[in-house]
Amino acid sequence: MPVRQVLCLLPLLLVTVVAVRHRSVLAEGFVQLRGAEWPWLLAAVGATCLTWVAAAVTRQGALVERLPARRLLATQFAAGAANHLLPTGLGASAVNLRFMAVCGVPLARSSAALALYLLAEGVARVGLLAVLLLVFPDALRLGSLLPDGVLGPLLGALGVAALVATGVLVLVRRLRSAVCSFLRTALGEARSVHTRPARALALWGGSLAFPVLQAAGLAAVGRALGLPVPVAHVAVAYLAATVAVALVPTPGGIGSVEAALVVALVAAGGPVALATAVVLAFRIITVWLPLLPGALTLGALVRLKVI
């Protein structure tokens, strides 16, 4: 069908548009890679590849039904590309919902599995950050980066937003009914998953492995470029930066993630110029190098009707 052919080509078109818009970042990132220690860069590439395995394991852990392993792994690779071409989370969510629909999972249950995946990933990331901050309380020096008095208004704004959302749910009956229905389905799916030890282990093990592998990739790039920051502090910086930008609606966090990572690495004790070089090289490895093959995989999966 012409529509399916257009959908196959659309990822490549989006890759071209994004690459052209960020060509200066790409050029600078490749310049930084030329002077790096290649064994550490290869370690970063290996950690990046393992993140797709961790994502596939977590996706399977969030659903009782067994999904085809190879197609699930290919879908996570393609979803990574989609996530960098659309606002954060939407691309990967759409790809995975479509994949589960093709596998015969009803929309209500696939949506519940997606929500469980996002919850587990968020809890694991924030929990890991909290543990590392307790163990390494001096890992980040935020006092010099945050203006005086900014934390109170920020927390107040978040509280107001939560109150507004709660008020809307209370006042709008249809929305309240839809949310309650979804929560019942999601809680039922979560109970079913946690009655199966293998599924629960996959869900929480994969959720923890994903940010650990990403932080390990950043630490490896830091070692490759000689960043004078301990590995544990790099991990704290990575987790703090990604938690901070989790709600920023930019394609794959492009722009916002780079800025947050640079700020976090500087707060961890890295020089500004070197921290910027590390972040650019890290994003080349984790975003830009997989983007074209990921888009090609996405188009192939659409053509083969896997998604």
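Residues numbered from 1 in each chain as written. Predicted model: local features only at pLDDT ≥ 70, side-chain atom pairs only at ≥ 80, totals over all residues. Heavy atoms only, no water.

Turning to the overall build of the chain, a few remarks are in order. Of the regular secondary structure elements, the chain holds 12 helices and zero strands. When burial is assessed residue by residue, the chain has 43% of its 307 residues classed as buried. A sequence separation of at least 24 residues applies to 79% of the contacts in the chain between residues at least 6 apart. Accessible area for the chain stands at about 15,800 Å²; split by element, carbon and sulfur atoms hold 73% of it. (Helix = DSSP H or I, 4+ residues; strand = E, 2+ residues; numbered from the N terminus. Buried < 20%, exposed > 50% of the residue type's maximum accessible area, 1.4 Å probe, protein only. Contact = heavy atoms within 4.5 Å. Areas by Shrake-Rupley, 256 points an atom, 1.4 Å probe, with all protein chains shown as cover.)

Another aspect to go through is the packing of helix α3 (residues 38–61) against helix α4 (residues 69–85). Two numbers describe how α3 lies on α4: the axes approach to 9 Å, and their chain directions differ by 120°. The orientation of α3 relative to α4 falls into the category oblique. Regarding α3 and α4, the two cross each other, and that crossing is right-handed. The segment α3 lies against α4, with W52, V53, A55, A56, R59 and Q60 engaging L72, L73, Q76 and F77. Of the residues in the contact of α3 with α4, the class split is seven nonpolar, two polar and one charged. (Axes fitted to C-alpha atoms, helices over the stretch in contact; angles between N-to-C directions. Parallel < 35°, antiparallel > 145°, perpendicular 65-115°, else oblique. Left-handed = near helix turned anticlockwise from the far one by under 90°. Nonpolar A, V, L, I, M, F, W, Y, C, P; charged D, E, K, R; others polar.)

We now examine the packing of aromatic side chains. Centre distance and the angle of the planes are the two values used to describe a pair of aromatic rings. Counted by the stated rule, this structure contains two aromatic pairs. Summarising the aromatic geometry, the rings of W52 and F77 are spaced 4.7 Å apart at their centres and angled 70° between planes, so their arrangement reads as edge-to-face. Here F77 lies in helix α4 and W52 lies in helix α3, a separation of 25 residues in the sequence. Both residues of the pair, W52 and F77, count as buried. Aromatic pair Y238 and F282: ring centres 6.4 Å apart, planes at 75°, arrangement edge-to-face. (Phe/Tyr/Trp six-rings, centres within 6.5 Å; stacked < 30°, edge-to-face > 60°.)

On to unusual backbone geometry. Here K305, not a glycine, exhibits a phi torsion of approximately 60°, which is positive. For K305, the location among the structural elements is in the segment after α12 (272–303). When its relative accessible area of 56% is taken as the criterion, K305 is described as exposed.

Right, let's talk about the confidence of the model for the chain for a bit. Counting all residues, the mean pLDDT for the chain is 81, and 75% of those residues have values of 70 or more. With pLDDT under 50 throughout, residues 144–148 is counted as low confidence; its partners more than four residues away or in other chains account for two contacts. (pLDDT = per-residue confidence, 0-100.)

This paragraph deals with the pattern of salt bridges. Evaluation of the coordinates by the stated rule reveals three salt bridges. Between R109 and E65 there is a salt bridge, with the nearest N and O atoms lying 2.4 Å from each other. Residue R109 is found in helix α6 (residues 107–135), and its partner E65 is found in the loop between α3 and α4; the two are separated by 44 residues along the sequence. Measuring nitrogen to oxygen at the nearest pair gives 3.1 Å for the salt bridge that ties R109 to E189. One end of the pair, R109, is in helix α6; the other, E189, is in helix α8 (residues 173–194), with 80 residues separating them in the sequence. Judged by its relative accessible area of 23%, R109 is partly exposed. Sharing partners across several salt bridges, the network here consists of E65, R109 and E189. (Salt bridge = Lys/Arg side-chain N within 4 Å of Asp/Glu carboxyl O.)

Further remarks concern the environment of G222. Of note, G222 is situated in helix α9 (residues 197–224). Judged by its relative accessible area of 4%, G222 is buried. Separated by 56 residues in sequence, G222 and V278 place their C-alpha atoms 5.7 Å apart. The contacts of G222, once residues within four sequence positions are left out, are L227 and V278.

Now for helix α10 (residues 231–244). In this model, α10 (14 residues) spans 20 Å end to end at C-alpha, consistent with the 20 Å of a helix rising 1.5 Å per residue. Restricting attention to buried positions, one finds in α10 the residues H233, V234, A235, V236, A237, Y238, L239, A241 and T242. Where α10 is buried, its residues touch α6, α9, α11 (256–267) and α12. (Expected span 1.5 Å × (residues − 1).)

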